[in-house]
Amino acid sequence: MIRATPTRRRRRGFTGDVLVGAPLLLAVLALAAFGPLLWPPDPIAADITATFKPPMTMVAGTLHPLGTDQLGRDLLARIIAGTRLSLVIVLLAGTIAVVLGTLLGLVSGFFGGWTDRIVMRLVDIQLSIPFILLILLVVAVVGPSILNLVLILGVTGWAIFARMARAKTLEVKALDFVRAARALGVPTAGILFRHILPNILTPQIVLMTLDLPRLVVLEASVGFLGLGVQPPTATLGNLIGEGRSYILMADWIVLYPGLVIAALVVGCNLVGDWLIRRTNVRID
């Protein structure tokens, strides 16, 4: 009897990760992208006569597949709208964190000296403060809004990307082709952005995939506490926050947004793990 080698078993496990994670992630993305076309009811239109209707209830000729909330609003429409907005916030914040962290890490690793010390001390300070407490403090000071939330999530997430970019920059700048570019008199900007940056982008993209679940949970946590996007605009976090008071009489108000968050987090984690194995990237 022929037995599979450990390497083959590991590869099958990694393939299983993407076979589970990718459909979950694609399902959430499809819900956000095509949901309004397939289910067009207004997510903020209230109907007091249709409050707390369970899933698959028909009210005045209108079907509510996931039921209604405390104001009679269609829950499926609100989940679609909330998923779209939450994804926009998370992706914009993640982009800000990647760009800011990559640039600072690139400069830190290339120039070294005092530049490196200052950037790394800022990274240590940033990582020593609990993200959720820092975000709640800043939101409480500047006020809740979509723009403020995007900027806060982005600016507070740059440190891990800076550390990764610095480590990879130290590796790449020691290679022969970078030394040759220096010897040929290539400007510093050319070495940074034409020779080093393209070689450190792959780890940054993989790291962003793994960091997205953290941003999803942070955005949902801020919304749950009422300091994120304000109602009636829906996000996944404030949908759960609004429904927590009614969970005993209408658990579907909290259940379905929670399932979307879980699918998004699990999908990103599994796809990120698969990307690490495929690209042989070390996440230190």
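Starting from 1, residues in each chain are numbered consecutively following that chain's sequence as written. For a predicted model such as this one, the threshold for reporting local features is a pLDDT of at least 70, and the threshold for listing and counting side-chain atom pairs is 80 or more; totals across whole chains, interfaces and linings nevertheless cover every residue. Values reported for side chains reflect all heavy atoms of the structure, with hydrogen atoms and water molecules removed beforehand.

A word on unusual backbone geometry
In the segment running from proline 231 into proline 232, the intervening peptide bond is cis, with an omega of 10°. With respect to the helices, strands and loops of the structure, proline 232 is situated in the loop between helix H8 (188–224) and helix H9 (236–243). The phi torsion at phenylalanine 52 lies on the positive side, around 55°, for a residue other than glycine. Mapped onto the fold, phenylalanine 52 is located in the loop between helix H1 (6–38) and strand E1 (57–59). Not every positive phi belongs to a glycine, and alanine 60 is a case in point at roughly 55°. Each helix corresponds to a stretch of at least 4 residues labelled H or I by DSSP, and each strand to a stretch of at least 2 residues labelled E; elements are numbered beginning at the N terminus. Mapped onto the secondary structure, alanine 60 falls in the loop between E1 and strand E2 (62–64).

What about the environment of valine 254?
Position of valine 254 relative to the elements: it lies in helix H10 (residues 252–279). A 1.4 Å probe rolled over the protein chains alone gives each residue an accessible area, and that area as a share of the maximum for its type sets the label: buried under 20%, exposed over 50%, partly exposed in between. Overall, the relative accessible area of 15% leaves valine 254 in the buried class. In the structure, valine 254 is positioned 15 residues away from leucine 239 in sequence and 7.1 Å away in space, judged by C-alpha atoms.

What to know about the side chain of serine 86
Its place among the elements puts serine 86 in helix H2 (residues 75–111). By relative accessible area, which is 4% here, serine 86 ends up buried. Any pair of nitrogen or oxygen atoms within 3.5 Å is treated as a polar contact; in protein, a donor-acceptor pairing is required on top of that, and neighbouring residues in sequence qualify only through side-chain atoms on both sides. Polar side-chain contacts of serine 86 include one of 3.1 Å to the backbone nitrogen of leucine 236. Residues in contact with serine 86, not counting those within four places in the same chain, are Glu219, Thr235 and Leu236. The criterion used for residue contact is that any of the two residues' heavy atoms lie within 4.5 Å.

Some points on the packing of H2 against H10
Each axis is a line fitted through C-alpha atoms, taken for helices only over the stretch in contact, and angles between the N-to-C directions span 0 to 180 degrees. The N-to-C vectors of H2 and H10 enclose an angle of 35°; their axes lie 11 Å apart at closest approach. Note that H2 runs across H10; the crossing there is right-handed. Here Leu75, Ile79, Thr83 and Leu87 of H2 come into contact with H10, specifically with Trp252, Ile253, Tyr256, Pro257, Val260 and Leu264. Of the residues contributing to the contact of H2 with H10, the split by class is nine nonpolar, one polar and no charged. With the far helix as reference, a near helix turned anticlockwise by less than a right angle produces a left-handed crossing, and one turned clockwise produces a right-handed crossing. Gly falls in the polar group here, along with every residue not listed as nonpolar (Ala, Val, Leu, Ile, Met, Phe, Trp, Tyr, Cys, Pro) or charged (Asp, Glu, Lys, Arg).

Comments concerning the packing of aromatic side chains
A pair of aromatic rings is counted whenever rings of Phe, Tyr or Trp (Trp by its six-membered ring) have centres within 6.5 Å, and the orientation is called stacked for planes under 30 degrees apart, edge-to-face for over 60 and tilted otherwise. For the structure shown, the criterion picks out two aromatic pairs. With a centroid separation of 5.2 Å and 55° between ring planes, the pair formed by phenylalanine 52 and tyrosine 246 is classed as tilted. Of the two residues, phenylalanine 52 is situated in the loop between H1 and E1 and tyrosine 246 in the loop between H9 and H10; the sequence distance between them amounts to 194 residues. Assessed through its relative accessible area of 28%, tyrosine 246 is described here as partly exposed. Arranged with centres 5.1 Å apart and planes meeting at 90°, the rings of phenylalanine 110 and phenylalanine 111 form a pair that is edge-to-face. For phenylalanine 110, a relative accessible area of 7% puts it in the buried group. The aromatic ring of tryptophan 114 is capped on one face by arginine 117, whose charged end is 5.1 Å from the ring centroid. Consider the ring centre and the ring normal. A charge sits over the ring if Lys NZ or Arg CZ is within 6 Å of that centre and within 35 degrees of that normal.

Looking at the environment of aspartate 42
Checked against the element boundaries, aspartate 42 lands in the loop between H1 and E1. Remark: the alpha-carbon pair of aspartate 42 and glycine 223, spanning 181 residues in sequence, is separated by 21 Å. Within polar-contact distance, the side chain of aspartate 42 engages the backbone nitrogen of isoleucine 44 at 3.1 Å.

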